[in-house]
Amino acid sequence: MKKVRHIVIFKYSAAATAGQIQQVTDALTALARKIPGIRSFEHGVNNSPEGKNLGFTHVYQFTFDNVAARDNYLVHPDHKQFQVFLDDLHILDNAFVADYKVALVVDTRLDG
């Protein structure tokens, strides 16, 4: 079965504080440690010089063992609780989500 990447990119409101954003990041990190089937989690802040992020700044990426693990995450009570927590903060202007099955991983360190 192929691993699945779940990429979430947030556009926080101008009123969002660094502390609130850290709370969201900490909550997502906790989900990664709690919910079965999550192979890895990483996050960071956009630093692309291309200027095409459309105001989306914070990237969160989960890797799941398979589609079933991703689907379980989406309906998991802890994920639902996170969604309520995020809504209650009132700091999110928008979110962009993309999921895909990993088709190929190229480790360039192995190239010639």
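Provided above is the structure to which this section pertains.
Model, not experiment: these values are computed from the prediction.

Asks: Could you clarify how one ought to interpret the overall build of the protein in this entry?
Replies: Within the protein, the secondary structure is distributed over three helices and four strands. Put simply, the protein runs from its N terminus to its C terminus through helices and strands in the order β-α-β-β-α-α-β. If you line up the protein on its principal axes, its C-alpha atoms span 50 × 40 × 20 Å. Considering the protein as a whole, with its 112 residues, one finds that 35% of them fall into the buried category. In the protein, the proportion of contacts linking residues at least 24 apart, taken out of those at least 6 apart, comes to 79%. If you sum the accessible surface of the protein, you get close to 7,300 Å²; carbon and sulfur atoms cover 54% of it.

Asks: I tried to follow the packing of aromatic side chains on my own but got confused; where do I start?
Replies: By convention here, two paired aromatic rings are described through the distance between centres and the angle between planes. Considering all chains together, one arrives at seven aromatic pairs under this definition. Geometrically, the ring pair formed by Phe10 and Tyr12 is edge-to-face, given 5.7 Å between the ring centres and 80° between the ring planes. Here Tyr12 falls in the buried class, since its relative accessible area comes to 9%. For the pair Phe62 and Phe64, a centre-to-centre distance of 6.0 Å together with 20° between the ring planes defines the contact as stacked. The exposure class of Phe62 is buried, given its relative accessible area of 0%. Every member of this aromatic cluster is reached through a ring pair, and the members are Phe41, Phe62, Phe64 and Tyr73.

Asks: Where do I start with helix H1 (residues 18-34) in this structure?
Replies: Taking 1.5 Å of rise per residue, the 17 residues of H1 would be expected to cover 24 Å, and the 24 Å separating its terminal C-alpha atoms lies within 8% of that figure. Considered for burial, the residues of H1 that qualify are Ile21, Val24, Thr25, Leu28, Thr29, Leu31 and Ala32. Projected down its long axis, H1 carries its buried residues within an arc of 155°, all on one side. Among the exposed residues of H1, those oriented more than 90 degrees off its buried face are Arg33 and Lys34. Contact partners of the buried residues in H1: strand E1 (4-12), strand E2 (38-45), strand E3 (58-64), helix H2 (67-75) and helix H3 (77-89).

Asks: Explanation requested: the nonpolar core in the structure shown.
Replies: Side chains of a nonpolar character, in soluble globular proteins, are inclined to be buried together. Within the largest apolar cluster, 22 residues are counted, with the highest numbers of intra-cluster contacts made by Phe10, Tyr12, Val24, Leu28, Tyr60, Phe62 and Tyr73. Top element by residues in this core is H1. It accounts for five residues. Those residues in contact with Tyr12 that lie beyond four places of it in its chain are Ile21, Val24, Thr57, His58, Tyr60, Ile91, Leu92 and Asp93.

Asks: I'm lost on the sheet that holds strand E4 (residues 92-101) in this one. Help?
Replies: Backbone-to-backbone hydrogen bonds join strands into a sheet, with any given pair of strands oriented parallel or antiparallel. Pairing in this open sheet of four strands is antiparallel, and the strands run E2-E3-E1-E4 from one edge to the other. A strand with exactly one partner marks an edge of an open sheet, and here the two such strands are E2 and E4. Pairs of neighbouring strands in the sheet enclose a mean axial angle of 15°, with direction left out of account. Sheet analysis places E2 next to E3, joined by seven bridges and oriented antiparallel. Looking at the pairing, Glu42 lines up with Gln61 of E3.

What counts, and at which threshold
- Residues numbered from 1 in each chain as written.
- Predicted model: local features only at pLDDT ≥ 70, side-chain atom pairs only at ≥ 80, totals over all residues.
- Heavy atoms only, no water.
- Helix = DSSP H or I, 4+ residues; strand = E, 2+ residues; numbered from the N terminus.
- Buried < 20%, exposed > 50% of the residue type's maximum accessible area, 1.4 Å probe, protein only.
- Contact = heavy atoms within 4.5 Å.
- Areas by Shrake-Rupley, 256 points an atom, 1.4 Å probe, with all protein chains shown as cover.
- Phe/Tyr/Trp six-rings, centres within 6.5 Å; stacked < 30°, edge-to-face > 60°.
- Expected span 1.5 Å × (residues − 1).
- Arc of directions from axis to C-beta.
- Core = buried A, V, L, I, M, F, W, Y, C linked by side-chain atoms within 4.5 Å.
- Pairing = 2+ DSSP bridges.
- Axes fitted to C-alpha atoms, helices over the stretch in contact; angles between N-to-C directions.

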